[in-house]
Amino acid sequence: MDGGREIPNVPGRPDEGEPGVRVGVDDWVATHEQRHEQLPGVLGRIQREISRTPRPAFYAAFGIAAALLPVFTNNGYVVRVGFDTVLYMLLCLGLNVVVGYAGLLDLGYIAFFGFGAYVYAMLASPQFGLHWDTLIVVPIAVVLTGILGLLVALPSRRLIGDYLAIVTLFFGQLFYTVFQNGSRISLLGIGNHSWDVTGGPNGIVNIDNWDLGGLKISSVQGYYWTALVVFMLSLFAIYLVDISRTGRAWKSLREDPLAAELMGIPVNRLKLVGFAISAAIGGLAGTLFAGLNTAVFAADFYTPTLIIIYAMLILGGAGSLGGVIVGAFVVNVSLEALRTPGHATWIFYIVIVVTLIAKVRPWKWLFIVVGSTIGLGYLLTAIANQWFPRWTAGAPTIGGWLGTWLDQWVLHPSNPQMIGNIAFITLVFAVLGLTLLHGWKLWLAMIPTLYLACFTWQNRLVVEPSITRLILIGVILIVLMNARPQGLLGTASVEIA
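Nothing here was measured: the structure is a model prediction, and the numbers come from that model.

(A) Quick look at the overall build of the protein chain. Helix and strand content of the protein chain: 21 helices and 6 strands. In the protein chain, buried positions account for 42% of the 497 residues. Entry remark: accessible area of the protein chain is about 26,600 Å², with carbon and sulfur atoms responsible for 67%.

Put into structure tokens, the structure is as follows:
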């Protein structure tokens, strides 16, 4: 009652003694954790049990399982892929410090990887007649790379966003240019004498393998285990930093630099530390790369490699240590599987099926879209066989029962390259057009678009594995970013009430 007048019940207005909306508090945000804890059924029970398990237990389980890879297979190619995957995990771990924790867009990170590799090569190869012990060279390479990261961060510490990205991108390009042309370096251009420091385009070869106190590592299996040990030690070290005051300060810097500075957090110093640690880990990965390959070239440390590392970090989830492992594993193994047309075709169609099952609702439209697409393929093939035989005169791209079925369902023209190029351009515009449609119009338009995608794949993309595998990884990332912007294991930003 208010002055003898009853106050009406207003939707969203809490009555006394009853729960309701609190002024100045976002209850949806405040109950974020509780709502996740209250997931019903088996999924909720599994999630609660997983949340109770300490994170180091998952990392240790991964380390034990990964260490058994060379035990179960003696295939050198598989073990080499395992080494490359672990190396990418180490690179993603370093990038995660500066990007995932500190929130700084470092586009010159690949230069630290290359710098560490070149330092190891210069001190453990015939380039300067030095063959120092690995236990001395590796710490020197890590420290020097960390100092380089600190020097790069000094003029960049007041920059954020695009400005920081431009400066670091320039540094990465500068590294590539200097080391690619480092076969003739003089002292400020004075005099006629020059030195071959980096080997130029020919790089540095005949690099010594790792030698740990008399234990010489020369096999791929030995480097795999060594890289795994190095990664696990680095992972637990970063985990300890993550749960420390420095880790929490980095995350505050990532979320809001101005607010962090107003709270008394030394923002500039945190940026310097983040860059230095990230660079040091990149340099450590470079020494492993140089030791196994026994040769380094500037082209190994250029933009395409940086893009792959970023793709791994984004897919796994920036700021997540588990995401570092998952992202590197998924991307690198997928890239290797996509090298062969058969494996690539299986992955392509599995991605399509999974995407349709996850996105097409209600279910009746899923059956309509899939059934109509299959029917359209058989109809076009029958018409071509009857009146346009040149459209089915091409050879199938893969064997097996899947290849036989696709040969009967997808048109294979006698001149697939030119027609495939036209189909690819048409497919791009068709996909863009789908984004403008909704409801039943979207599902109906998806039928010819899906068939066009399969036609383009079979006649053009699958025969160019070096290009196609990057395109397919890009498509997977786009789909994932739309479904889960924070990555597979990343955490969505939720403000604290």
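Resuming the write-up.
(B) Focus on the environment of G82. As for its placement among the helices and strands, G82 is situated in helix α6 (residues 76–101). Linking G82 and V220, residues 138 residues apart in sequence, is a C-alpha distance of 9.5 Å. Look past the residues within four positions of G82 in its chain and what remains in contact with it is L69 and Y224.

(C) Highlighting the side chain of T449. Position of T449 among the secondary structure elements: in helix α20 (residues 439–461). Judged by its relative accessible area of 10%, T449 falls in the buried class. Setting aside residues up to four positions removed in sequence, T449 forms contacts with L427, A430, V431 and L434.

(D) Main features of unusual backbone geometry. The step from R361 to P362 runs through a cis peptide bond, and the omega angle for that step is 0°. In this structure, N206 takes a positive phi of about 55° despite not being glycine. Here N206 lies in the loop between β3 (204–205) and β4 (211–212). In this structure N206 comes out as exposed when scored by relative accessible area, which is 55%. Non-glycine residue T294 carries a positive phi angle of around 55°. You can see T294 is positioned in the loop between α13 (267–293) and β6 (295–296).

(E) Structural context of the pattern of salt bridges. Applying the stated criterion across every chain yields a total of 5 salt bridges. For the salt bridge of E255 with R254, the shortest nitrogen-to-oxygen distance reads 3.1 Å. Given the relative accessible area of 30%, R254 is considered partly exposed. Of the charged contacts in the structure, one is a salt bridge between E336 and R339, with a shortest N-O distance of 2.9 Å. Because the salt bridges share partners, they merge into one network encompassing R55, D242 and K251.

(F) Quick look at the nonpolar core. Core analysis: the biggest nonpolar cluster contains 131 residues, and L90, Y118, F231, V296 and F301 have the highest contact counts within it. Looking at this core element by element, the count peaks at 15 residues for α6. Not counting chain neighbours up to four residues away, the residues in contact with F231 comprise F62, V86, M89, L90, L93, V324 and I325.

(G) Representation of the packing of helix α8 (residues 134–153) against α13 in the model. Look at α8 against α13: their axes get within 7 Å of each other, and the N-to-C directions meet at 145°. Read as a crossing pair, α8 and α13 show a hand that is right-handed. Counted together, V138, A141, V142, T145, G146, G149, L150 and A153 of α8 and K271, L272, F275, A276, A279, A280, G283, L284 and T287 of α13 form the full contact between these two elements. Taken together, the residues that form the contact of α8 with α13 break down as 11 nonpolar, 5 polar and 1 charged.

(H) Spatial organisation of the packing of aromatic side chains. Scanning the model with the defined rule gives 20 aromatic pairs in all. A connected cluster of aromatic rings, assembled from ring pairs, spans F113, Y118, F175, F179, F289 and F301. Cation over ring: R361 sits above W363, and NZ or CZ is 4.0 Å from the ring centre.

(I) Fine view of the environment of M263. Looking at where M263 falls in the secondary structure, it is placed in the loop between α12 (257–262) and α13. Owing to a relative accessible area of 70%, M263 belongs among the exposed residues under this scheme. Sequence separation of M263 and S252 is 11 residues, and the distance between their C-alpha atoms is 9.7 Å.

(J) Structural view of the confidence of the model for the protein chain. When pLDDT is averaged along the protein chain, the result is 85; 88% of the residues meet or exceed 70. Every residue in residues 1–19 is under pLDDT 50, and counting partners more than four places away or in other chains gives 8 contacts.

(K) Quick peek at the packing of helix α17 (residues 363–387) against helix α18 (residues 400–409). Relative orientation of the contacting elements α17 and α18 amounts to 65°, with a least axis distance of 7 Å. One finds that α17 runs roughly perpendicular with respect to α18. In contact with T373, I374, G377, Y378 and T381 of α17, α18 contributes W405, Q408 and W409. Broken down by class, the residue content of the contact of α17 with α18 amounts to 4 nonpolar, 4 polar and no charged.

(L) Expanded view of a nonpolar patch on the surface. Judged by side-chain polarity, F424, I425, V428, F429, L432, I467, I471, V475 and V479 come together as a nonpolar surface patch covering roughly 760 Å² of accessible area. Elements represented by at least two residues in the nonpolar patch include exactly α19 (416–434) and α21 (465–483). If one sorts the elements of the nonpolar patch by residue count, α19 sits on top with 5 residues. Mapped onto the elements of the fold, V479 is located in helix α21.

Rules of the game
Residues numbered from 1 in each chain as written. Predicted model: local features only at pLDDT ≥ 70, side-chain atom pairs only at ≥ 80, totals over all residues. Heavy atoms only, no water. Helix = DSSP H or I, 4+ residues; strand = E, 2+ residues; numbered from the N terminus. Buried < 20%, exposed > 50% of the residue type's maximum accessible area, 1.4 Å probe, protein only. Areas by Shrake-Rupley, 256 points an atom, 1.4 Å probe, with all protein chains shown as cover. Contact = heavy atoms within 4.5 Å. Salt bridge = Lys/Arg side-chain N within 4 Å of Asp/Glu carboxyl O. Core = buried A, V, L, I, M, F, W, Y, C linked by side-chain atoms within 4.5 Å. Axes fitted to C-alpha atoms, helices over the stretch in contact; angles between N-to-C directions. Left-handed = near helix turned anticlockwise from the far one by under 90°. Nonpolar A, V, L, I, M, F, W, Y, C, P; charged D, E, K, R; others polar. Phe/Tyr/Trp six-rings, centres within 6.5 Å; stacked < 30°, edge-to-face > 60°. Lys NZ or Arg CZ within 6 Å of the ring centre and 35° of its normal. pLDDT = per-residue confidence, 0-100. Parallel < 35°, antiparallel > 145°, perpendicular 65-115°, else oblique. Patch = residues over 30% accessible without salt bridge, like charges linked within 9 Å, V, L, I, M, F, W, Y side chains within 5 Å.

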